Amino acid sequence: MPGINILIGDNGQGKTNVIEGIYYLLTGKSYRVQREQELLRWEQIEFHLHGDFLMAHNKVSLESHYRAKKKIVKVNQVPCQRLSDFVGTINVVFFSPDDLVMIKGGPSERRRFLDLHIAQMRPGHVGLLNSYNKVLQQKNALLKSYVDKSLKYSQLQLWNEQIYKFGEKIIRNRLDLTNRLQDVADHSYGNLTSQKETLKVNYIALGNKDAKEAIARFPQLLNDKLEQEIDRQIVLIGPHRDDIQILLNDRPARLYASQGQQRSIVLSLKLAELELIRQEKGEYPLLLLDDVLSELDHFRRDYLVNFIESAYIQTLITMTSAENHFGSGALYFVEEGHIRREQ
Ligand SMILES: Nc1ncnc2c1ncn2[C@@H]1O[C@H](COP(=O)(O)OP(=O)(O)OP(=O)(O)O)[C@@H](O)[C@H]1O
Ligand SMILES: [Mg+2]
């Protein structure tokens with residue numbers, strides 16, 4: 001249904017499963033597990049997902065079929081060769097309590113957040129990441145191998161050219177997104193906290209807070225690190241080690257933000273994502289919120305509910321019991337894996 005859709009059910013009834021299914025259909029990936037095998041219903045050997053979507057200007061039908069370690073994705077009945085051919089057809093923003101790892105977890109969680117967003121907006125980004133990772137593996141393999149040091153040196157310089165070629169574009173994409181997120185996220189964080197607190201996000205490229213300068217010095221930095229990389233036998237510099245610095249009131253959120261503040265920061269980043277997608281695509285993405293409301297205080301909860309209602313964003317939101325904070329919306333009851341629309 002357009003607008004707000006509320007999935008209500010007791011614990012363990014299947015609300016998250018519904019959200020996960022929709023997310024998988026739209027992105028070709030699970031946000032939870034690495035392997036499709038783990039998404040199968042117990043005792044089953046295949047799964048099939050199908051959804052019809054109505055956008056501002058066109059209708060899109062998506063299908064996803066998995067069987068025997070193979071998946072087939074179809075857009076309007078036409079099979080897609082690559083994931084990047086269909087990711088972003090229908091945009092989606094997803095938020096669950098697990099997203100708090102963006103604050104407390106390691107840099108890879110924050111890079112993943114940026115990369116997932118960019119992949120939806122610029123299909124070429126997935127290819128860049130794949131190419132970069134291949135080069136990274138090759139360079140790592142060479143660092144670990146027993147080749148004469150001088151020969152190794154010249155071969156490594158060749159790999160470094162490739163690292164630079166793909167890495168520089170990855171950094172630019174991520175930096176551009178972080179800069180655009182910064183303004184919008186600070187604004188929504190201000191609203192969420194009645195302007196009492198500030199939020200800053202900074203892309204740290206190649207260990208440097210000034211990412212533009214880091215990009216300019218990238219070839220030099222690669223060269224400077226070579227000796228150390230040969231000693232340690234591992235690639236020490238490149239976008240695979242980058243991070244986003246998240247500052248709450250100018251202090252690192254990772255160290256100082258409370259649970260509720262962390263939640264609000266992630267929520268602001270997600271709302272910022274929503275806004276950026278709207279700016280670029282002309283309409284809001286689908287918003288999936290799993291177990292979010294119960295964790296927010298009254299003020300923040302009301303702000304979020306008002307925001308979704310007034311912007312008329314199509315939203316699927318889960319909650320337990322019939323504790324419903326929305327003035328509008330379609331109600332669905334989830335019980336033992338079945339969904340029933342409220343009469
Ligand atoms: N591979 C699987 N096949 C079949 N059932 C599964 C599988 N994995 C998990 N389940 C079951 O699905 C049920 C529903 O899980 P889900 O996470 O969707 O519940 P939920 O309604 O979101 O609950 P909560 O309110 O606790 O978040 C659980 O009871 C779980 O045991
Ligand atoms: Mg759940």
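Just above sits the structure.
What you are looking at is a predicted structure, and each value in this text was computed from that prediction instead of being measured.

Conventions and cut-offs
- Counting restarts for each chain: residues are numbered from 1 in the order of the written sequence.
- Chains carry letters from A onward and ligands carry numbers from 1 onward, assigned in written order.
- Whole-chain, interface and lining totals are the exception, using all residues; otherwise, since this is a predicted model, local features are given only for residues with pLDDT of at least 70 and side-chain atom pairs are given and counted only at 80 or more.
- Hydrogens and water are ignored here; the side-chain numbers use all heavy atoms of the structure.
- Strands are runs of DSSP state E lasting at least 2 residues, helices are runs of H or I lasting at least 4, and numbering of each runs from the N terminus.
- Each residue is placed in one exposure class: buried if its accessible area under a 1.4 Å probe, protein chains only, is under 20% of its type's maximum, exposed if it is over 50%, and partly exposed if it falls in between.
- Charge assignment in this entry is limited to Lys and Arg as positive and Asp and Glu as negative, and neither His nor the chain termini are counted.
- By definition, a salt bridge exists where a carboxyl oxygen of Asp or Glu is found within 4 Å of a side-chain nitrogen of Lys or Arg.
- Any pair of nitrogen or oxygen atoms within 3.5 Å is treated as a polar contact; in protein, a donor-acceptor pairing is required on top of that, and neighbouring residues in sequence qualify only through side-chain atoms on both sides.
- Throughout, a residue-residue contact means that at least one pair of heavy atoms, one from each residue, lies within 4.5 Å.
- Two strands pair if DSSP finds at least two bridges between them.
- Every axis corresponds to a line fitted to the C-alpha atoms, with the helix fit spanning only the stretch in contact, and the corresponding angles, defined between N-to-C directions, vary from 0 to 180 degrees.
- An angle counts as roughly parallel when it lies under 35 degrees, as roughly antiparallel when it exceeds 145, as roughly perpendicular when it falls between 65 and 115, and as oblique in every other case.
- Each crossing gets its handedness from the near helix: less than a right angle anticlockwise from the far helix is left-handed, clockwise is right-handed.
- All residues other than Ala, Val, Leu, Ile, Met, Phe, Trp, Tyr, Cys, Pro, Asp, Glu, Lys and Arg, Gly among them, are scored as polar; the first ten of these are nonpolar and the last four charged.

## Brief notes about the side chain of Lys15
Considering the arrangement of structural elements, one finds Lys15 in helix 1 (residues 15–27). Summary of buried charges: Lys15 has no salt-bridge partner, and the nearest side chain of opposite charge, Asp291, is 5.8 Å away. Separated by 3.0 Å, the side chain of Lys15 and the backbone oxygen of Gly9 make a polar contact. Excluding anything up to four places from it in sequence, Lys15 contacts Leu7, Ile8, Gly9, Asp10, Thr318, Met319, Thr320 and Val334.

## Overview of the sheet that holds strand 8 (residues 243–248)
Spatial ordering of the open sheet is given by 7-8-9, a layout of 3 strands whose pairing is antiparallel. Strand pairing shows two members of the sheet lacking a second neighbour, strand 7 (199–204) and strand 9 (251–252), which therefore form its edges. Inspection of the sheet shows strand 8 paired to strand 9 by 2 bridges, in the antiparallel sense. Its bridge partner being in strand 9, Leu247 is matched across the sheet by Pro252. Seen against the sheet, helix 3 (residues 107–121) touches strand 7 and strand 8 and runs at an angle of roughly 95 degrees to strand 8. Packing against the sheet, helix 5 (residues 149–192) makes contact with strand 7 and strand 8, and its axis sits at approximately 175 degrees to strand 7.

## Describing the pattern of salt bridges
Side chains that carry opposite charge are capable of pairing whenever their charged atoms lie near each other. Evaluation of the coordinates by the stated rule reveals 18 salt bridges. With a closest N to O distance of 2.7 Å, Lys71 and Glu36 form a salt bridge. Taken together, the residues Lys71 in strand 4 (residues 70–75) and Glu36 in the loop between helix 1 and strand 2 (46–54) connect sequence positions 35 residues apart. By relative accessible area, Lys71 is classed as partly exposed at 33%. By relative accessible area, Glu36 is classed as buried at 16%. For Arg67, the salt bridge goes to Glu46, with nearest N and O atoms at 2.8 Å. A residue pair is termed long-range when its members are at least 10 positions apart, and Arg67 in strand 3 (residues 59–67) and Glu46 in strand 2 qualify at 21 residues.

## Some details on the packing of helix 5 against helix 7 (residues 218–232)
Between helix 5 and helix 7, whose axes approach to 10 Å, the crossing angle comes to 140 degrees. Taken together, the axis directions place helix 5 and helix 7 in an arrangement best described as oblique. Helix-helix and strand crossings are classified by hand; for helix 5 and helix 7 the assignment is right-handed. Residue-level contacts link Lys149, Tyr153, Leu156, Gln157, Asn160, Ile163, Tyr164, Gly167, Glu168 and Ile171 of helix 5 to Phe218, Pro219, Leu222, Asn223, Leu226, Glu227 and Ile230 of helix 7. Here the contact of helix 5 with helix 7 is composed, by residue class, of 10 nonpolar, 4 polar and 3 charged.

## Let's talk about the pairing of strand 12 (residues 330–335)
Where strand 1 (residues 4–8) and strand 12 come together, 4 bridges link them in parallel fashion. Paired with Ile8 across the strands is Phe333, a residue of strand 12. Examined bridge by bridge, strand 12 and strand 13 (residues 338–341) share 4 bridges and lie antiparallel to one another. Paired with Val334 across the strands is Ile339, a residue of strand 13. The antiparallel hairpin formed by strand 12 and strand 13 contains 2 residues in its connecting segment, where Glu336 sits at a positive phi of about 45 degrees.

## What about the packing of helix 3 against helix 9 (residues 259–281)?
The geometry of helix 3 relative to helix 9 is characterised by a closest axis approach of 11 Å and an angle of 20 degrees between their N-to-C directions. What the angle tells us is that helix 3 and helix 9 run roughly parallel. Handedness of the crossing formed by helix 3 with helix 9: right-handed. Counting all contacts with helix 3, which are made through Phe113, His117, Gln120 and Met121, the residues of helix 9 involved are Leu269, Lys270, Glu273, Leu276, Ile277, Glu280 and Lys281. Grouping the amino acids of the contact of helix 3 with helix 9 by side-chain chemistry returns 5 nonpolar, 2 polar and 4 charged.

## Some thoughts on the pairing of strand 1
Put simply, side chains in a regular strand alternate between the two faces of the sheet. The buried count for strand 1 comes to 5 of 5 residues, which makes it a mostly enclosed element. Strand direction decides the pairing type here: strand 1 and strand 11 (residues 315–319), joined by 5 bridges, are parallel. Each residue of the ladder has a partner; that of Leu7, found in strand 11, is Thr318.

## Some details on the sheet that holds strand 13
Backbone-to-backbone hydrogen bonds join strands into a sheet, with any given pair of strands oriented parallel or antiparallel. Sheet architecture is open: 6 strands sit in the order 6-10-11-1-12-13, paired in mixed fashion. In this open sheet, the two strands that pair with only one neighbour each are strand 6 (92–95) and strand 13. Along the sheet, successive strands turn relative to each other by an average axial angle of 20 degrees, direction set aside. Here strand 10 (residues 286–289) runs beside strand 11; their pairing, made up of 3 bridges, is parallel. Within strand 11, the position partnered with Leu287 by the bridge is Thr315. In the packing of helix 9 onto the sheet, the strands contacted are strand 6 and strand 10, and the crossing angle to strand 6 comes to about 175 degrees.

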